[in-house]
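Here is how the chains run, residue by residue.
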Amino acid sequence: MLVSLTVGKVDAGVTVLLTPDKRLIEFPSILLPPNIVSGSIVDITVARNDESEAKAEAQFSALQDHIFASFGASSPSNPVLRCRNATQTSVVLEWDPIDLATADLISLSLYRNGQKAGNIPRPLHMHSTKISGLAVDTEYSFHLVLRTTAGTLSSKQVVVRTHKMTDLSGITITTGILPPPMREELAKAVERIGAKIVDGVRIDTTHFVTTEGRGVPWEKAVEMNIPVVRPEWVEACEKNGRILGVTKFYLDALRPGPPGSSEETQRAAATPPPAPAQQAQKDLPQAPAQAGEGKETEAKKAEDNDEDSEEEDEEAGEEEKARATDEQKMRLEDKDTQKVALRPGGQPSPEKDSAEDAGEDGEPDDKAPAPSPGDGSSFQDVAL
């Protein structure tokens, strides 16, 4: 088909062509012959290229087949959930690696009893989780929900029942540093109660048994908040026939003593008596008290000192009175003795009578007249 067009306006990029019926057509200037100016007439032949059209159609069909074979042949798989371990208050769940095929992951969620419990962090790398804080001897149902760009997929429900207090089969023990004989006894005790020992600290490890708090496994157990207990905990569980609390069996807890001994006795035996320290404290001067307390203490001490001094004064006065009375008695007795020795027999003496009367009364008669001095005829002046 041949078409004649008149060149209107020529620009660097686009040229305006006019049809015979005066219609405008914008045509790329690069496709026109060189030296074209306004008013030139150009002939354009238009024809359908069937061969090229067939080739393009074949290429497009091949591309569609490749896309379908690559992205439409496989689809994401449903997650597979199962129970790895169960105890009295916890459940450990695990699942197979997620198969997304060619889809993109949106989220992976865990549901408990039909309600969403939370999203699984890093679902492409994590394949297990632990759920704690469950009730004893209670039934729970769990399932996973996988959301992808290709749709939403769910796993089958897994029904788990937590254990009773007498069921010790869920205990999973990882051992640390233990003496060989104690390790053998622990293995036998664990087998008797129906528990199990695993190598290394895992997500389903319930207790870490050791006698020394060191080593890489011990550090990992502490980091994962796994109870670190002594071997006596397993023996106590076997003896009681049920799972026991771990508070008294922590590695750094106070060890139980022999039967009949109390904790206070153990603590008193463990700590030496602080007698030297107390004696040293007695020798040291007392520390100054606070202002208010110091004043009250000093006032009390002053009152006590005053009372003590008054009591001492009273006792001293009584003693002096007693001594004065004794001295007077002794003087009177000496005088009587001298009078008896100097007086001739048979003559009563008024001084003796008065002295005897004073001695019977126990006190000297202050009102009695004093004896007169010798006048030369008395026996007191005679030299013996």
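First, a word on what this report is: a plain description of the structure on this page. (Residues numbered from 1 in each chain as written. Predicted model: local features only at pLDDT ≥ 70, side-chain atom pairs only at ≥ 80, totals over all residues. Heavy atoms only, no water.)

Things to note about the overall build of the protein
Under the convention used in this document: Segments assigned H or I by DSSP are reported as helices when at least four residues long, segments assigned E as strands when at least two residues long, and all are numbered from the N terminus. Per-residue and other accessible areas follow the Shrake-Rupley method at a 1.4 Å probe size, with only the shown protein chains counted as cover for residues.
From N to C terminus, the protein includes eight helices and 16 strands. For the protein, the exposed area adds up to about 27,300 Å²; of that, 52% sits on carbon and sulfur atoms.

Concerning the environment of Ser-128
Condition: Per-residue accessibility, obtained with a 1.4 Å probe over protein chains only, is compared with the maximum for each type, and a residue is labelled buried under 20%, exposed over 50%, and partly exposed between these values.
Within the secondary structure, Ser-128 sits in strand β9 (residues 128–131). Of the residues examined, Ser-128 reaches a relative accessible area of 16% and is grouped as buried.

Re a nonpolar patch on the surface
Rule in force here: Without a salt bridge and with relative accessible area above 30%, a residue can belong to a patch; like charges are then joined within 9 Å and nonpolar side chains (Val, Leu, Ile, Met, Phe, Trp, Tyr) within 5 Å. Whenever a carboxyl oxygen of Asp or Glu lies within 4 Å of a side-chain nitrogen of Lys or Arg, that contact is scored as a salt bridge.
Side chains of Leu-63, Ile-67 and Phe-71 sit close together on the surface and give an oily, nonpolar patch of about 310 Å² of accessible area. Mapping Ile-67 onto the fold places it in helix α1 (residues 50–72). Taking the relative accessible area as the measure of exposure, Ile-67 reaches 44% and is therefore partly exposed.

Some details on the nonpolar core
In plain terms, the rule: By nonpolar core we mean a set of buried residues, namely Ala, Val, Leu, Ile, Met, Phe, Trp, Tyr and Cys, connected to one another through side-chain atoms within 4.5 Å. Residue contacts are defined here by distance: any two heavy atoms, one from each residue, within 4.5 Å place the two residues in contact.
The biggest cluster of nonpolar side chains holds 19 residues, and the ones touching the most others in it are Leu-81, Val-91, Leu-93, Leu-108, Leu-110 and Phe-142. For this core, the secondary-structure elements that each account for two or more residues are β5 (81–86), β6 (91–95), β7 (105–112), β10 (139–148) and β12 (158–161). Here this core gets four residues from one element, more than from any other, and that element is β10. Among all residues touching Leu-108, those that are not within four sequence positions of it are Trp-95, Ile-98, Asn-119, Ile-120, Pro-123, Leu-144, Val-145 and Leu-146. Core analysis: the second largest hydrophobic core is formed by 18 residues, Val-190, Ala-236, Cys-237 and Val-246 among them.

As for the side chain of His-163
Quick note on the threshold: N or O atoms within 3.5 Å of each other form a polar contact, as long as, within protein, one can give a hydrogen and the other can take it, and as long as residues adjacent in sequence are counted only when both atoms are side-chain atoms.
One can find His-163 in the loop between β12 and β13 (172–175). Within the structure, His-163 has its side chain in polar contact with the backbone oxygen of Ala-86 (distance 3.4 Å). Among all residues touching His-163, those that are not within four sequence positions of it are Ala-86, Thr-87, Gln-88, Val-136, Asp-137, Ser-169 and Gly-170.

Honestly, it's all geometry; don't read function into it.
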